[in-house]
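Chain by chain, the residues run as shown.
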Amino acid sequence: MILGLTGAYCAGKNQAARILEGQGWYCIDVDRLGHAALASCLDQVAALLGPAILNPDGSANRKAIGAAVFANPGILARYEEIVHPAMFRLCDQEINAALARGKKVCINAMVLYKMPQAGRCDAILLLASPLCQRLFRGMKRDRLSIRKILDRIIRQRSILALGSLHAAGTIRIMNCGSLAALEKKVLAFLESMEKIQCYRAKLRL
């Protein structure tokens, strides 16, 4: 089984991923894959954005890259054309390796709806949370100002809007309470998915 896990900034995706890992799921952090993909394509990215996006040691300055690409939609599209194919390949490699070991796989990605792997998911779990709580979490976790948090949230809207293409397979969970409350909701979701999988298996017989 492959589960997609997505949601907006500070909605609780990583908390949900840790809950899934506690239930034996292999969770793929697509942010981590994005960093690896960027490192493998850094020469092309530097050619696109200029040497200012490199640290003195030659590594990627992700803050400088973010400032460059998010300020210009055209540059962002060209950047994604370079980095995303490498990220998608890494994701497929991890999915296939985990499935070969008999693992249930979770793809934890804010950009899930832009990934071809969304089509491989048996279901997608969409985390949502009230704006006031997301602002508080962002200030506490990332030390960002309210304005910067709102900028991130606004940039993500177009990505999450693509979820309408996968609406039939998406389950929305509201993360508005304690970690224990979120765990209860995620476990209830898993139980319902297991029942559906058993039913599908019986139909195939």
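Structural data are supplied above this passage.
For clarity, every value in this text was computed on a predicted model and none was experimentally measured. (Residues numbered from 1 in each chain as written. Predicted model: local features only at pLDDT ≥ 70, side-chain atom pairs only at ≥ 80, totals over all residues. Heavy atoms only, no water.)

1. Some remarks on the overall build of the protein
Helix and strand counts for the protein come out as 8 helices and 5 strands. What you see in the protein, going N to C, is helices and strands ordered as β-α-β-α-α-α-α-β-β-α-α-β-α. In terms of C-alpha radius of gyration, the protein reaches 18 Å, essentially the compact-globule figure of 17 Å for 205 residues. If you line up the protein on its principal axes, its C-alpha atoms span 60 × 40 × 30 Å. Looking at the 205 residues of the protein, the share that counts as buried comes to 42%. (Helix = DSSP H or I, 4+ residues; strand = E, 2+ residues; numbered from the N terminus. Rg over C-alpha atoms; globule rule 2.2 N^0.38 Å. Buried < 20%, exposed > 50% of the residue type's maximum accessible area, 1.4 Å probe, protein only.)

2. Digging into the packing of helix 1 (residues 13–22) against helix 8 (residues 179–204)
Contact geometry of helix 1 with helix 8 gives a least axis separation of 10 Å together with a crossing angle of 60°. As far as their axial angle goes, helix 8 and helix 1 are oblique. Here helix 1 runs over helix 8; the crossing is right-handed. Contacts between helix 1 and helix 8 involve Gln15, Ala16, Ile19 and Leu20 from the first element and Leu179, Leu182, Glu183, Val186, Leu187 and Leu190 from the second. The class makeup of the residues in the contact of helix 1 with helix 8 is 8 nonpolar, 1 polar and 1 charged. (Axes fitted to C-alpha atoms, helices over the stretch in contact; angles between N-to-C directions. Parallel < 35°, antiparallel > 145°, perpendicular 65-115°, else oblique. Left-handed = near helix turned anticlockwise from the far one by under 90°. Contact = heavy atoms within 4.5 Å. Nonpolar A, V, L, I, M, F, W, Y, C, P; charged D, E, K, R; others polar.)

3. Some words on the pattern of salt bridges
In the structure shown here, the tally under the stated rule is 5 salt bridges. Residue aspartate 92 pairs with arginine 120 through a salt bridge whose shortest N-O separation is 3.0 Å. Here the residue aspartate 92 occupies a position in helix 5 (residues 73–100), and arginine 120 occupies one in the loop between strand 3 (105–108) and strand 4 (123–128), the gap between them amounting to 28 residues. Note on aspartate 92: relative accessible area 27%, which makes it partly exposed. Judged by its relative accessible area of 32%, arginine 120 is partly exposed. Of the charged contacts, one joins aspartate 142 and arginine 141 as a salt bridge, the two residues approaching to 2.9 Å between their closest N and O atoms. (Salt bridge = Lys/Arg side-chain N within 4 Å of Asp/Glu carboxyl O.)

4. Some details on the sheet that holds strand 3
The strand order 2-3-1-4-5 describes an open sheet built from 5 strands, whose pairing is parallel. Since the sheet does not close on itself, it has two edges, and those belong to strand 2 (26–29) and strand 5 (170–174), each with one partner. Here the strands of the sheet are splayed against their neighbours by 25° on average, with no regard to which way each runs. Inspection of the sheet shows strand 2 paired to strand 3 by 4 bridges, in the parallel sense. What sits directly across from isoleucine 28, in strand 3, is isoleucine 107. Sheet strands in contact with helix 1 are strand 1 (2–7), strand 2, strand 3 and strand 4, and its direction is about 155° off that of strand 1. (Pairing = 2+ DSSP bridges.)

5. Focus: the packing of aromatic side chains
Summed over the entire model, instances satisfying the criterion amount to 0 aromatic pairs. Above the ring of tyrosine 26, the side-chain terminus of arginine 101 is found at 5.3 Å from the ring centroid. (Phe/Tyr/Trp six-rings, centres within 6.5 Å; stacked < 30°, edge-to-face > 60°. Lys NZ or Arg CZ within 6 Å of the ring centre and 35° of its normal.)

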